[in-house]
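The lines below spell out each chain.
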Amino acid sequence: MSKLVVLEGIDGSGKSANFRRLCARLTEEKIPYHSIEFPRYDKESSALLRMYLNGAFGTKPEDVNAYTASTFFSVDRFASYREDWRKPYLQGKLILSDRYTTSNAVHQGAKLPPEELPEFFGWLADLEFEKMGLPRPDLVIYLEVDMELCLARLRRRHSREHSEGDIHEADRKYLERCLETARRASEYFGWTTIACRDAQGREREIDEKNQEIFERILALDS
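Caption draft 1: The arrangement of the packing of helix α5 (residues 117–131) against helix α7 (residues 172–189) in detail. Relative orientation of the contacting elements α5 and α7 amounts to 60°, with a least axis distance of 11 Å. One way to sum up the angle between α5 and α7 is to call them oblique. Like other packed secondary-structure pairs, α5 and α7 cross with a definite hand, here right-handed. Across the interface between the two elements, L117, P118, F121, G122 and A125 from α5 touch T181, R184, A185, Y188 and F189 from α7.

Caption draft 2: Layout of the nonpolar core. Grouped together as the largest cluster of nonpolar side chains are 37 residues, with contacts concentrated most on L4, I10, W85, Y100 and W191. Every residue in contact with I10, bar those within four places of it in the chain, is listed here: V106, H107, V145, C150, L175, C178 and L179. Membership of the second largest hydrophobic core comes to 15 residues, among which are L22, I141, F214 and I217.

Caption draft 3: Structural detail: the sheet that holds strand β1 (residues 3–8). Here we have five strands laid out as an open sheet, ordered β2-β3-β1-β4-β5, and parallel in their pairing. Edge positions in the sheet fall to β2 (33–37) and β5 (192–194), since each has one partner strand and no second. On average, adjacent strands in this sheet sit at an angle of 20° to one another, irrespective of strand direction. As paired elements, β1 and strand β4 (residues 139–143) share four bridges and run parallel to each other. By the bridge assignment for β4, L7 is matched with I141. Where helix α3 (residues 66–90) meets the sheet, its contacts fall on β1, β2 and β3 (94–98), and the angle it forms with β2 comes to roughly 150°. Where helix α8 (residues 206–218) meets the sheet, its contacts fall on β1, β3, β4 and β5, and the angle it forms with β4 comes to roughly 170°.

Cut-offs used in this document
- Residues numbered from 1 in each chain as written.
- Predicted model: local features only at pLDDT ≥ 70, side-chain atom pairs only at ≥ 80, totals over all residues.
- Heavy atoms only, no water.
- Axes fitted to C-alpha atoms, helices over the stretch in contact; angles between N-to-C directions.
- Helix = DSSP H or I, 4+ residues; strand = E, 2+ residues; numbered from the N terminus.
- Parallel < 35°, antiparallel > 145°, perpendicular 65-115°, else oblique.
- Left-handed = near helix turned anticlockwise from the far one by under 90°.
- Contact = heavy atoms within 4.5 Å.
- Core = buried A, V, L, I, M, F, W, Y, C linked by side-chain atoms within 4.5 Å.
- Buried < 20%, exposed > 50% of the residue type's maximum accessible area, 1.4 Å probe, protein only.
- Pairing = 2+ DSSP bridges.

Written as structure tokens, this is what we have:
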């Protein structure tokens, strides 16, 4: 039976590092899977979203409204499904995705007032899962992070890459709204949250979090 598992988290959540480790673990355990990552910056279907993130339509995220910007990313996901992972998904292989429709819920939903979020979440799900026919995730793992950790990790990343990040990463107030929107999206869609800190407030090690994620995936077949 087909399974689609999504790893989600705002910039600086450690999502990409957890995704790489999870892929390595699945390979090591000889569990068949197909990995996908969004956005696909090297594909033609991402042209509009690259222009948006690079500031071609405005230097602030709010310069393009949540609904319009969402369609840029949705088209890239549709192309990915048809070109890349539709066949393995229909054959029943585990699909592991770094970001998905969930990212639009967080990053575009952050542009809207809280009272408008349920309508936006419903519109987004209808657009991609009903109108476009993309698969609904069977499990969404949301890597929760606080602003302190988020900013520290982003500073380290930008220092390594000698960059300032895209228009999302460069706007602290926007990132703060993303954190709150992610909390609301998680409640609305029923995501599984992996905490960044333990009960004593200490940052959890990546191996500990990755083991928890791995066990959640295995539980899908039980």
